[in-house]
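Given next are the chains, with one letter for each unit.
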Amino acid sequence: MPLITPQPRGPGKKKGGSSRRNENNRIYANPLPLIFSAEENRFWTSHTVLGLFGLSGSRVVNPHCEGIFDPYTRSVWVTDSVHSTILWRRGFFGKGTLSRSEPTWLARQINARQNAEKNMVSEQVTANRRAERKQFKLDRARAIAQAAEAAEAAFKEGRVLTVEETGVVIPSAATWKPSRPPPSSSPDQPTSAAVEDQKVDEDIPDNVEHLQLTLQEAFFLLWTLDCLSVIDPDTHAAMSLEEIWQTLQLIHFPLYPSLASDVTNTRFDNPFLINYVVYHHYRSLGWIVRNGIKFCVDYLLYKRGPVFHHAEFALVVCPVYEDEEDRQTCPFDLQNVDPFSWTWLSTVNRVNSQVQKTLVLTYVTIPARSRCQAALLASPACLQYFSIREIVLRRFIPARMRD
Amino acid sequence: MDDLLEQPNKLPNFPLSTEDARDEDQSSDEEDGGLDWTKLPSASVNIARPVIPKRGEKDYEPKAGGGSGLQLHVLDRARTAMFNTLRATRGVNNKSMSYAIWYPQLARAHVTVAKGIHFSSMGHSVQRPIADADVKLQKRLELLPEEALYLLERGALWCWQDTNEGSWPINMSDIDARGPPMSVQQAYACMIGKEDLTLEEYQVFAYLKRLGYVVTRAEAPSLSYPVHPPLTKVKFQKSFSQTFFTLWSAVVRKFFRLFSGINWWKPFRIHHYTNYSSLFESLRFVPSGHTTPLQVRTTRNLDSSSPRSPYHIFYHLYKPSTPFRKTAPPNPDFYVVVVNARSSLMPSLRELAALYDKLPETPSPLPRQRQAPTTSQNAPAAPSALAEQHPISIFQRISRLIFPPKAPSIPLPPSRKPHPFAALKAGKKMVVIAAVDSGNISFFRFGQGAFDEWPMI
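Taking an unreviewed UniProt entry as the reference, chain B is identified by name as tRNA-splicing endonuclease subunit Sen54 N-terminal domain-containing protein belonging to Neolentinus lepideus HHB14362 ss-1. According to UniProt, the comment filed for chain B under the heading Sequence similarities (unreviewed entry) is "Belongs to the SEN54 family."

Per an unreviewed UniProt entry, chain A goes by tRNA-splicing endonuclease subunit Sen2 and derives from Neolentinus lepideus HHB14362 ss-1. In its Sequence similarities (unreviewed entry) section, the UniProt entry covering chain A states "Belongs to the tRNA-intron endonuclease family."

Student: Mind laying out the overall build of chain A, listing which residues take part and the relevant values?
Tutor: A tally of regular secondary structure across chain A gives 12 helices and 12 strands. With 403 residues in all, chain A has 48% of them scored as buried. For chain A, contacts bridging at least 24 residues in sequence account for 66% of all contacts bridging at least 6. Carbon together with sulfur atoms contributes 53% to the accessible area of chain A, which is approximately 20,100 Å² in total.

Student: Describe the interface of chain A and chain B, listing the residues and the values that go with them.
Tutor: Counting residues at the interface gives 96 residues for chain A and 87 residues for chain B. Roughly 8,600 Å² is buried in total at the junction of chain A and chain B, and carbon and sulfur atoms are behind 66% of that figure. For the pair chain A and chain B, the interface holds two salt bridges. Ionic pairing is found between A:D226 and B:K266, a salt bridge with its closest N-O pair at 3.6 Å. Per-element accounting of the side of chain A that touches chain B gives the leading share, 10 residues, to helix α5 (residues 122–156) of chain A. Looking at the side of chain A that touches chain B residue by residue, the class counts come to 55 nonpolar, 20 polar and 21 charged. Sheet topology places strand β12 (residues 387–395) of chain A next to strand β10 (residues 440–448) of chain B; five bridges connect them, and they run antiparallel. Bridge pairing in β10(B) places A:V392 opposite B:G447.

Student: How would you sum up the nonpolar core? Please name residues and give values.
Tutor: Among the nonpolar cores identified, the biggest contains 82 residues, and A:L213, A:F219, A:W223, A:L225, A:Y282, A:W287 and B:F451 are the most heavily contacted of them. Sequence-distant contacts of A:L213, that is, excluding residues within four places in its chain, are made with A:S75, A:V76, A:V78, A:L87, A:F93, A:G94, A:A218, A:L221 and A:L228. A:M401, B:M122, B:L208 and B:Y315 belong to the second-largest nonpolar core, a separate cluster that totals 44 residues.

Student: So what's going on with the sheet that holds strand β4 (residues 75–78) of chain A? Which residues, and what values?
Tutor: Residues and elements named next belong to chain A. What the five strands build is an open sheet, ordered β5-β6-β4-β3-β7; its pairing is mixed. In this open sheet, the two edge strands, each paired with only one partner strand, are β5 (95–96) and β7 (228–231). Pairing of strand β3 (residues 65–70) with β7, which is carried by four bridges, proceeds in the parallel orientation. By the bridge assignment for β7, C65 is matched with L228. The sheet contacts of helix α3 (residues 81–89) involve β3, β4 and β6 (211–214), and relative to β3 the element is tilted by about 95 degrees.

Student: How would you summarise the pattern of salt bridges if you had to cite specific residues and measurements?
Tutor: Throughout the structure, instances matching the rule amount to 15 salt bridges over all chains. Between A:E23 and A:R26 there is a salt bridge, with its nearest N and O atoms 3.3 Å apart. With A:E23 and A:R26 both in helix α1 (residues 11–27) and three residues apart, this pair spans about one turn of that helix. Notably, a salt bridge pairs A:R142 with A:D139, separated by 3.3 Å at the nearest N-O pair. Here A:D139 and A:R142 lie together in helix α5, a separation of three residues that amounts to about one turn. It is possible to trace a salt-bridge network through shared partners that takes in B:R128, B:R140 and B:E142.

Student: Provide a residue-level description of the environment of A:V76, including the pertinent values.
Tutor: Residues and elements named next belong to chain A. Structurally, the position occupied by V76 is in strand β4. For V76, a relative accessible area of 2% gives the class buried. With 18 residues separating them along the chain, V76 and G94 place their C-alpha atoms 9.0 Å apart. Excluding its chain neighbours within four sequence positions, the residues that come into contact with V76 are G67, I68, F69, L211, Q212, L213, A218 and V230.

Student: I'd like a description of the confidence of the model for chain B, backed by residues and values.
Tutor: Residue and element names in this part refer to chain B. Across chain B, the average pLDDT comes to 75, with 61% of residues at 70 or higher. Here helix α2 (residues 18–26) is the element of chain B with the lowest mean pLDDT, 38, and helix α6 (residues 199–210) is the one with the highest, 97. Every residue in residues 234–238 scores below 50 in pLDDT, and together they form four contacts with partners more than four places removed in sequence or on other chains. Across residues 404–414, where pLDDT falls below 50, the model places nine contacts with residues more than four positions away in sequence or in other chains.

Student: Give a detailed account of the UniProt feature "active site" (unreviewed entry) in chain A, specifying residues and quantitative values.
Tutor: All names here are of chain A. When the UniProt feature table is mapped onto this chain numbering, "active site" (unreviewed entry) sits at Y302, H310 and K357. Separation in sequence by 56 residues is not matched in space for these annotated residues, since their most distant C-alpha atoms are only 10.4 Å apart. Position of Y302 relative to the elements: it lies in strand β9 (residues 299–302). Discounting chain neighbours no more than four positions away, the residues touching Y302 are W287, I288, R290, H309, H310 and A311. Locating K357 in the fold gives a position in the loop between α12 (342–354) and β11 (358–366). For K357, the residues in contact, after removing those within four places along its chain, are F295, L300, H310, A311, E312, A314 and N352.

Student: Kindly report on the side chain of A:E390, identifying the contributing residues and their values.
Tutor: Tracing the backbone shows A:E390 in strand β12. Buried charge without a partner: A:E390 forms no salt bridge, and the closest opposite charge is A:R389, 8.9 Å away. At a separation of 2.8 Å, a polar atom in the side chain of A:E390 contacts the side chain of A:Y282. Looking at A:E390, its side chain comes within polar contact range of the main-chain nitrogen of B:F451, at 3.4 Å.

Student: Account for the pairing of β10(B), with residues named and values stated.
Tutor: Residues and elements named next belong to chain B. Direction of pairing for strand β9 (residues 430–437) relative to β10: antiparallel, over a ladder of eight bridges. Opposite I433, over in β10, you have F444 as the bridge partner. Between β9 and β10, which follow one another and run antiparallel, lie two residues, and S438 among them has a positive phi close to 35 degrees.

Student: Account for the side chain of A:E312, naming residues and giving values.
Tutor: Considering the arrangement of structural elements, one finds A:E312 in the loop between β9 and β10 (313–321). Looking at A:E312, the relative accessible area reads 16%, which means it is buried. Setting aside residues no more than four positions away along its own chain, A:E312 makes contact with A:L301, A:Q356, A:K357, A:T358, B:F421 and B:K425.

Scoring rules and cut-offs
- Residues numbered from 1 in each chain as written.
- Chains lettered and ligands numbered in written order.
- Predicted model: local features only at pLDDT ≥ 70, side-chain atom pairs only at ≥ 80, totals over all residues.
- Heavy atoms only, no water.
- UniProt positions renumbered as here; feature names shortened; annotations may be inferred.
- Helix = DSSP H or I, 4+ residues; strand = E, 2+ residues; numbered from the N terminus.
- Buried < 20%, exposed > 50% of the residue type's maximum accessible area, 1.4 Å probe, protein only.
- Contact = heavy atoms within 4.5 Å.
- Areas by Shrake-Rupley, 256 points an atom, 1.4 Å probe, with all protein chains shown as cover.
- Buried area = accessible area lost by both parts, 1.4 Å probe.
- Salt bridge = Lys/Arg side-chain N within 4 Å of Asp/Glu carboxyl O.
- Nonpolar A, V, L, I, M, F, W, Y, C, P; charged D, E, K, R; others polar.
- Pairing = 2+ DSSP bridges.
- Core = buried A, V, L, I, M, F, W, Y, C linked by side-chain atoms within 4.5 Å.
- Axes fitted to C-alpha atoms, helices over the stretch in contact; angles between N-to-C directions.
- pLDDT = per-residue confidence, 0-100.
- Lys, Arg positive; Asp, Glu negative; His and termini not counted.
- Polar contact = N/O pair within 3.5 Å; in protein donor to acceptor, adjacent residues only side chain to side chain.

Set out below in structure tokens:
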């Protein structure tokens, strides 16, 4: 628990915190890559009138990003750093392949070469906090050992002392402050950084990192917002929407890519469809949806984004077959179709309540094949036949619910 | 317990830093750690009623290399204190004892002498025929098996096994002639398994009773068992403007679908929208929420040979602060399902849906800013909602139709809207499931999520 509470900062740094918050509000102001441009406010009235007839002009600024489809990692790679910055800053899409989430590899390299203490990226902030925390634990253990020694000495003289009576002050997390700057933290920081100080400019490496979009993220950007084009890795041509729709489903079959795309290979229990329905639903409700593998769940829901708040909810996707018979022919390894055991539920819930997240089981019903024809799967129209229900899980502690 | 205390790190010793104390506050159960027996005053050891001691602090670690005189000393002291406490004989006060007779055929304990406050929330009166007069019925106080077992185990009840069926009223003078009362072991053997009571259900009952809750059966085991009045389905009246708005938007949407003939390759016409919230709203096409018809085929339920689902509401739970009248129980604060964690999996969506069907909607949580609520905390939103439903004249009604009130149904200032996270976490309906794993009870609350009603943008 103390690991996730922000470290207490001095008054000087507090000011920095609020200015950083303003900065974040500015950088991450847009929840989607699309921007509704404000400059045309002068024509507001005329546009409203036109809007009523569905004729509003080009008020939406669309960044039109580009990504390469990678079948082996089942992801879409955005290699252009301008595009990846846009996708990260406007809606927190994707993950840097060499970073925790935001692609910061290049910034870390530059920081390391300049030995800079400011402009720290999130990985470095975390590493510093952990180093401080480790130092605090060492200090505390030392103080406790000292107190025990004093008590032991007093015991030999025939007195039994409590820790207060020994006079040793044991540091507490609320008041402890690092006495000296914590040892430099970044693991990939070269030790000879100071030497290279002069030739920083020549030394900046090429950015070898790219932004990796999950298939759900890519399809959301592509289909609903039309701000991404996906390039086929073999032909280097942009894939058509139909082609992508087919490929994203086929890729989950065990025999891909030798599989032919025909109607018999389309199924409502395709993992891509199930995950996409969930991803789309919570995105459409305004949540920032990110992967939750770190906490033993499928997705995490952030209110405005990871730079503003910790994730509030942790989603486990539980597919439910409308018709149990469809399950017998399922070629996929679908997770969580059977209910959890109580042990597993406790395990997942313990992990998530430890980090102050509320566990949510998201049940997605898979349309029965008897009800919906397979032909529906040829287009995204099939998505409206799924349905989503949530169960919010928390421990109930009777001793604390009495009043 | 003995084994626990023999481990050196369980020693009660130094209180650690405040941070550790805070961590311990947040650890869930008081019973998690061992007890600090040294906290017992030595005088209390021999008194009739042993006091349950409080838990002490753990030592940070055993001294390196062993052989700390102080640690050994503290360990010995703690162990002696424990043995002394356990040595005390358990006694009861003769004046506070109740008397009962257990009828195995009826699965009820007939209370002949009722003493103490337990009977304000336990036991129910039943009319039974008297032996010598065939027609005449007389009321008597009876306990369910779990209630009798709980009182007996607590040392508040002496219970005799019935020897000659049906002869009552009993002459109190011949109680001594019945021999010794049932032992706790005997009571466990006789009463578990009666009236659908499993061991798990008794363990949950006893745990909640010890915490001061009032626990009643959800399904009346007999006609004379008092149950709370059937739930009146409170339909939340939507205001006229709201209804109109939903209808209108539905019509508009239908209209657009009809004439634009939705192209599923390009369903969202981005250029129609002027801001993010309208764009997000247009993306919400996936059916969601628990009111969506659940089209799951119930193949298993049709098969009559399959065992009954373990998921049914077994107990009604009332907080200690809820005013409770035994003859007219109010609506419960919580609904409890008890299952064996080893033999059952978590409930499936279908089982949960069946549970929620029987439950009322819980009022949405209070906004966080409000301090010192004046109403009782149990049903915070209910009183204000009821107060609003006073009769209104026809003129008022008409004027409301024409000029819909700004704040629908409940006139709340905007600042008192509940926090969306609190509302999301509480859910619309809530059932508590107690999973009992060989005596260890973990309670989970299963809230019916309503994320679709609280969009973030």
